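# An overview of the molecular structure
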Amino acid sequence: MPDEDGSFFSTVQRLVIKTRAVFDDIDEDVLNSVIKGEERIMQLYHEAMAAARDEEDLSLLSRQRGQVARLVQDARHLAD
């Protein structure tokens, strides 16, 4: 069963962003890399949802994927 707080990859991505932000501003290249990484995570959620056999797992994965999708959307707006 997936963690309630999100995937391992999401945690790593947040740590990378926070660490990078401490040292310098996040530029467009970094933001685009983050977007691509989060899009890959969304694909992994899609695959996990297709394989899920339990409604509770599917519901959790769906909520988490929705949160990632909103973050990607917000990041795209920042990149524009």
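The following refers to the structure shown. (Residues numbered from 1 in each chain as written. Predicted model: local features only at pLDDT ≥ 70, side-chain atom pairs only at ≥ 80, totals over all residues. Heavy atoms only, no water.)

### Brief notes about the side chain of glutamate 38
With respect to the helices and strands, the residue glutamate 38 is situated in helix H2 (residues 28-51). With residues near it in sequence (within four places) discarded, glutamate 38 still touches Ser10, Gln13, Val68 and Val72. (Helix = DSSP H or I, 4+ residues; strand = E, 2+ residues; numbered from the N terminus. Contact = heavy atoms within 4.5 Å.)

### Re a negative patch on the surface
Negative charge collects at one region of the surface, where Asp27, Glu28, Asp29 and Asp80 lie side by side. Residue position: aspartate 27 is located in the loop between helix H1 (8-23) and H2. (Patch = residues over 30% accessible without salt bridge, like charges linked within 9 Å, V, L, I, M, F, W, Y side chains within 5 Å. Areas by Shrake-Rupley, 256 points an atom, 1.4 Å probe, with all protein chains shown as cover. Salt bridge = Lys/Arg side-chain N within 4 Å of Asp/Glu carboxyl O. Lys, Arg positive; Asp, Glu negative; His and termini not counted. Charge placed at Lys NZ, Arg CZ, Asp CG, Glu CD.)

### Observations concerning the environment of glutamate 38
By relative accessible area, glutamate 38 is classed as buried at 9%. Between the C-alpha atom of glutamate 38 and that of alanine 75, which follows or precedes it by 37 residues, the distance is 9.9 Å. (Buried < 20%, exposed > 50% of the residue type's maximum accessible area, 1.4 Å probe, protein only.)

### Some remarks on the pattern of salt bridges
Counted by the stated rule, this structure contains two salt bridges. Residues glutamate 39 and arginine 76 are paired through a salt bridge, measuring 2.1 Å at the closest nitrogen-oxygen approach. Separated by 37 residues along the polypeptide, glutamate 39 in helix H2 and arginine 76 in helix H3 (residues 55-79) bring together distant segments of the chain. By relative accessible area, arginine 76 is classed as partly exposed at 40%.

### Considerations on H2
For H2, with 24 residues, the first-to-last C-alpha span of 35 Å sits near the 34 Å given by 1.5 Å per residue. Val30, Leu31, Val34, Ile35, Glu38, Ile41, Met42 and Tyr45 are the residues of H2 that are buried. (Expected span 1.5 Å × (residues − 1).)

### What to know about the nonpolar core
In summary, soluble globular proteins display a tendency toward joint burial of nonpolar side chains. Listed in full, the 11 residues of the largest apolar core are Leu31, Ile35, Ile41, Met42, Tyr45, Ala52, Leu61, Val68, Val72, Ala75 and Ala79. Only H2 and H3 provide two or more residues apiece to this core. Other than its neighbours up to four places away in sequence, valine 68 contacts Ser10, Glu38, Ile41, Met42 and Tyr45. (Core = buried A, V, L, I, M, F, W, Y, C linked by side-chain atoms within 4.5 Å.)

### Things to note about H3
For H3, which comprises 25 residues, the first-to-last C-alpha distance of 36 Å matches the rise-based estimate of 36 Å (1.5 Å per residue) to within 8%. Inspection of H3 places Asp57, Leu60, Leu61, Gln64, Val68, Val72, Ala75 and Ala79 among the buried residues, and these make up the whole buried set.

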